[in-house]
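# Coordinate analysis (summary)
In case you want the letters, here they are:
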Amino acid sequence: ECCAGEGVGGELGGWSRFTKTDEGMKTKVQQYVEGVGGIRLWGFSPSEDLSNMVDGSKDDVLNILSMMPGDICSFLMTIARRHTKKTQQINYYIVERQPEALARYILLLSIFFDDDLGPRECTEIFLEIYGNNMLRKQTSAFLHSKVEELIKFLTNGEGKLAEFVDITQMKFKERDAIEKVFKTWYENIECNMEEWREKRLRSYYEDRFDYRKNLIDWDYSMNVKDWAEIIHSKLFLWWRQEGIAYEIRDSKYPQPNRTMASYAEGKEKGHSKLKRGYWGDIVQSPYWSIGVHADEQR
C-alpha cells in the first residue's frame, strides 16, 4: 500500500486573509500562498505513476491513497501505465475536503472515458476545462450537457463512471454538496470569471499591477526556465495574464469555465462570509502536472 500527496496544500482562508506588515508589504510567503489560492485545480509537480512507489509488490491488490491531491492526473497516469506491468487490481482512494475539487475529478474522468469523443476532441476538451479560465462556445455547451449525466451518476449510480468509480463511502451531505457544484455549471448561472481573476491579479500585484508583464518575465527566467524550459515563455505569460493555458488552434474563448468557480470564507466589515469567485492558482500554471515530462525526451 502507498500514500501520496501532491504539491502544496493550504487553505486560502478567505479573500481578506492577508494584512500588510509594518513596512506596508506582504511577506513572500503570504504573497505566494495568496497567489496559489485556496482551491487546488491542478498539481504543482509532474504527474507520477504512483504504483512505482511500491517496488516489487507481489500482492494481488494494490491500494493507493492520495490525500487532497488537487489533481486527477497522477491517477490517470497510474491506470494508463497498467498495460506495461503485470495485471494487478488497483484500488485508488482520493480524500478531498473541497466539493469543487471532487466535482472536477468526476467531470474530468467522465471526459477521459467518454466513448463518444474522438481522441483529438477528447484531448482538447479535457485540457481546456482542466487549465483554461475561459472556454470556447462548444466546450461550454458540452459542459452544460454533462451536468445531468453527472448528477445521475452521483445520485443513482448510473452511467459509465459507475463501472469503476465507487462513491458509497461518501456521506449523503457530501454528495449533496457535489451536486450543488454540478448545478452551478449550467450556462444560465452567472459566472464573472474574467472579473474575478482580474481582482485576484490586482490583489496579488498591488501597486505593481501595471508592471506585471516585467514581473512575469522575471518569474519565468528565475523560477521556471531552469526547471522546465519546455514551457514557452509566451504561453506562460499569456496564462499568467489571461488564464488561457491551452490554445485550441485560433479559437476564441467567450465563455467562463464554471468548473473553476468556488467559494472561499473570509471577513467583510468584521463578519464571516462565503464569497463566490475564482480562488485558484494565478502564479504556478497548469503545465507542471501535464506538460513538462514525456516518455520520449526530445
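Report follows, based on the coordinates. (Residues numbered from 1 in each chain as written. Predicted model: local features only at pLDDT ≥ 70, side-chain atom pairs only at ≥ 80, totals over all residues. Heavy atoms only, no water.)

## Brief notes about the pattern of salt bridges
What counts, and what does not: Put simply, a salt bridge is a Lys or Arg side-chain nitrogen that is within 4 Å of an Asp or Glu carboxyl oxygen. Strands are runs of DSSP state E lasting at least two residues, helices are runs of H or I lasting at least four, and both sets are numbered from the N terminus onward. The buried label applies to any residue whose accessible area, calculated with a 1.4 Å probe on protein chains only, is under 20% of its type's maximum; exposed applies above 50%, and partly exposed to all values in between.
What the rule picks out here adds up to twelve salt bridges. The shortest N-O distance in the salt bridge between Lys-146 and Asp-114 comes to 3.2 Å. Here Lys-146, found in helix H5 (residues 137–156), pairs with Asp-114, found in the loop between helix H3 (99–112) and helix H4 (119–131); they are 32 residues apart in sequence, far enough to count as distant. Here Lys-146 matches Asp-114 in class, with each residue buried. The partner of Lys-213 in a salt bridge is Asp-217, with the nearest N and O atoms 3.5 Å apart. Note that Lys-213 and Asp-217 are positioned in helix H8 (residues 212–224) at a spacing of four residues, about one turn of the helix. Taking relative accessible area as the criterion, Asp-217 reaches 30% and is therefore assigned partly exposed.

## Digging into helix H9 (residues 233–242)
Heads up, the rule is: This arc is taken over the directions from the axis of the helix to the C-beta atoms.
Of all the residues in H9, the buried ones are Phe-236, Leu-237, Trp-239 and Arg-240. End-on view of H9: buried residues confined to an arc of 165°, all on one side of the axis. Gly-243, located one to two residues past H9, shows a positive phi value of around 80°.

## Description of the environment of Gly-131
Mapped onto the elements, Gly-131 comes out in helix H4. In this structure Gly-131 comes out as buried when scored by relative accessible area, which is 0%. With 115 residues separating them along the chain, Gly-131 and Tyr-246 place their C-alpha atoms 6.8 Å apart.

## Considering a nonpolar patch on the surface
Rule in force here: Any residue with relative accessible area above 30% and no salt bridge may belong to a patch, with like charges joined within 9 Å and the nonpolar Val, Leu, Ile, Met, Phe, Trp and Tyr side chains within 5 Å. Every accessible area reported is derived by Shrake-Rupley at a probe size of 1.4 Å, with residue values counting cover from the shown protein chains alone.
On the surface, Met-67, Met-68 and Val-95 cluster together into a nonpolar patch covering about 220 Å² of accessible area. For Met-67, the location among the structural elements is in strand E2 (residues 61–67).

## As for the packing of aromatic side chains
What characterises a pair of aromatic rings is the spacing of the ring centres plus the angle enclosed by the ring planes. The condition that has to hold: Any pair of Phe, Tyr and Trp rings, taking the six-membered ring for Trp, is counted once the centres come within 6.5 Å. Such a pair is stacked with planes under 30 degrees apart, edge-to-face with planes over 60 apart, and tilted for the rest.
By the definition in use, this model includes ten aromatic pairs. A ring pair is formed by Phe-75 and Tyr-92, whose centres lie 4.8 Å apart and whose planes are at 75°; its orientation type is edge-to-face. Here the residue Phe-75 occupies a position in helix H2 (residues 73–80), and Tyr-92 occupies one in strand E3 (residues 89–95), the gap between them amounting to 17 residues. Comparing Phe-75 with Tyr-92 shows no difference in burial state: the two are buried. A centroid spacing of 4.4 Å and a plane angle of 55° characterise the contact between Phe-113 and Phe-164, whose relative ring orientation is tilted. Taken together, the residues Phe-113 in the loop between H3 and H4 and Phe-164 in the loop between H5 and helix H6 (172–183) connect sequence positions 51 residues apart. In textbook terms, an aromatic cluster arises when at least three aromatic residues are bridged by ring pairs, as seen for Trp-42, Phe-126, Tyr-130 and Trp-239.

## Concerning the nonpolar core
Defined as follows: We call a set of buried residues a nonpolar core when its members are Ala, Val, Leu, Ile, Met, Phe, Trp, Tyr or Cys and they connect through side-chain atoms within 4.5 Å of each other. In what follows, a contact means two residues having at least one pair of non-hydrogen atoms within 4.5 Å.
Counting 75 residues, the largest nonpolar core has Ile-111, Phe-182 and Trp-185 as the members making the most contacts within it. When residues of this core are assigned to their parent elements, the largest contribution, nine residues, is made by H3. Leaving out residues up to four positions away in the same chain, Phe-182 has contacts with Ala-103, Ile-106, Val-147, Leu-150, Ile-151 and Leu-154.

## Re unusual backbone geometry
Unlike most non-glycine residues, Met-68 shows phi in positive territory, near 45°. Within the secondary structure, Met-68 is located in the loop between E2 and H2. Unusually for a residue other than glycine, Arg-249 sits at a positive phi of about 50°. A relative accessible area of 45% means that Arg-249 is categorised as partly exposed.

## A word on the environment of Met-77
Within the element layout of this structure, Met-77 appears in helix H2. Residues Met-77 and Ser-47, 30 residues apart in the sequence, show an inter-C-alpha distance of 6.9 Å. Excluding residues within four positions of it along the chain, Met-77 makes contact with Ser-47, Glu-48 and Asp-49.

## Quick notes on the packing of H5 against H6
Put simply, the rule is: Fitted lines through C-alpha atoms give the axes, limited to the stretch in contact for helices. The angle between two N-to-C directions lies from 0 to 180 degrees. Any angle from 65 to 115 degrees is called roughly perpendicular, while one under 35 is roughly parallel, one over 145 is roughly antiparallel, and all others are oblique.
Where H5 meets H6, the closest approach of the two axes is 10 Å, and the angle between their N-to-C directions is 175°. One element, H5, and the other, H6, form an angle in the roughly antiparallel class. On H6, the residues that touch Val-147, Leu-150, Ile-151, Leu-154 and Thr-155 of H5 are Arg-175, Ile-178, Glu-179, Phe-182 and Lys-183.

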